[in-house]
Amino acid sequence: MKTILLSASLIALTAATFAAERDTRVFELRTYYAAPGKLDELNARFRDHTLKLFAQHGITSVGYWMPVENAENKLIYMLAFPSRETATNSWREFSSDPEWKEVVKQTQANGKLTTKVESIFLAATDFSPAVAPSASAEPRTFELRTYKSE
């Protein structure tokens, strides 16, 4: 019994230590505004093609979300990179990939899928918890808040 408790304590201590280390990655928050009637096609392109190509070019997907109330047809997602330079290089390689160019050509045969794309690069604060997947299989809802100081 003591061995199990000690093992559990060491695991908890190790997890806490890793969580306390500052995450130095660069995160990119991207918002895509789908063209009218194209949100399902945009999601399918990500599901069927983009994620695989992102991984091939060193682009780490953190998560993909849609607003619960989505009148603007948004797809919001976050990526992670070791550095801003890596992000620039990965995007350059991804954009020039012949497979990606063919995917764009095929998926936009009946018109562009997006009307606008927004991107912002973020750095984790020293008090930010570790970004990790949920252990729960239950669907989750997230709230994105932006605070502006005066």
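The preceding data block contains the structure.
Below is a summary of the structure that appears in this document.

The next point concerns helix 2 (residues 39–56). In a regular helix each residue adds 1.5 Å, so 18 residues correspond to 26 Å; helix 2 covers 24 Å between its end C-alpha atoms and thus fits that length. At Thr-50, helix 2 shows its maximal kink, close to 45°. Within the sequence span of helix 2, burial applies to Leu-39, Leu-42, Asn-43, Arg-45, Phe-46, Thr-50, Leu-53 and Phe-54. Here the buried face of helix 2 lies against strand 1 (26–34), strand 2 (60–65), strand 3 (74–81), helix 3 (84–96), helix 4 (98–107) and strand 4 (114–123). Positive phi shows up at Gly-58, right after helix 2, with a value of about 75°.

A complete count under the given rule lists 11 aromatic pairs for this structure. Between Trp-91 and Phe-94, the aromatic rings sit 5.6 Å apart at their centres with planes inclined by 85°, giving edge-to-face as the arrangement. Taken as a pair, Trp-91 and Phe-94 lie in helix 3 at a separation of three residues, close to a single helical turn. Here Trp-91 and Phe-94 have matching classes, each one buried. Taken together, the aromatic side chains of Tyr-32, Phe-46, Phe-54, Tyr-64, Tyr-77, Trp-91, Phe-94 and Trp-100 make up a single cluster linked through ring pairs. Above the ring of Phe-121, the side-chain terminus of Arg-84 is found at 3.8 Å from the ring centroid. Across from the ring centre of Tyr-33, 4.6 Å away, lies the NZ or CZ of Lys-116, which sits over that ring.

Cut-off values and rules
Residues numbered from 1 in each chain as written. Predicted model: local features only at pLDDT ≥ 70, side-chain atom pairs only at ≥ 80, totals over all residues. Heavy atoms only, no water. Helix = DSSP H or I, 4+ residues; strand = E, 2+ residues; numbered from the N terminus. Expected span 1.5 Å × (residues − 1). Bend = angle between axes of the 7 residues up to and from the residue. Buried < 20%, exposed > 50% of the residue type's maximum accessible area, 1.4 Å probe, protein only. Contact = heavy atoms within 4.5 Å. Phe/Tyr/Trp six-rings, centres within 6.5 Å; stacked < 30°, edge-to-face > 60°. Lys NZ or Arg CZ within 6 Å of the ring centre and 35° of its normal.

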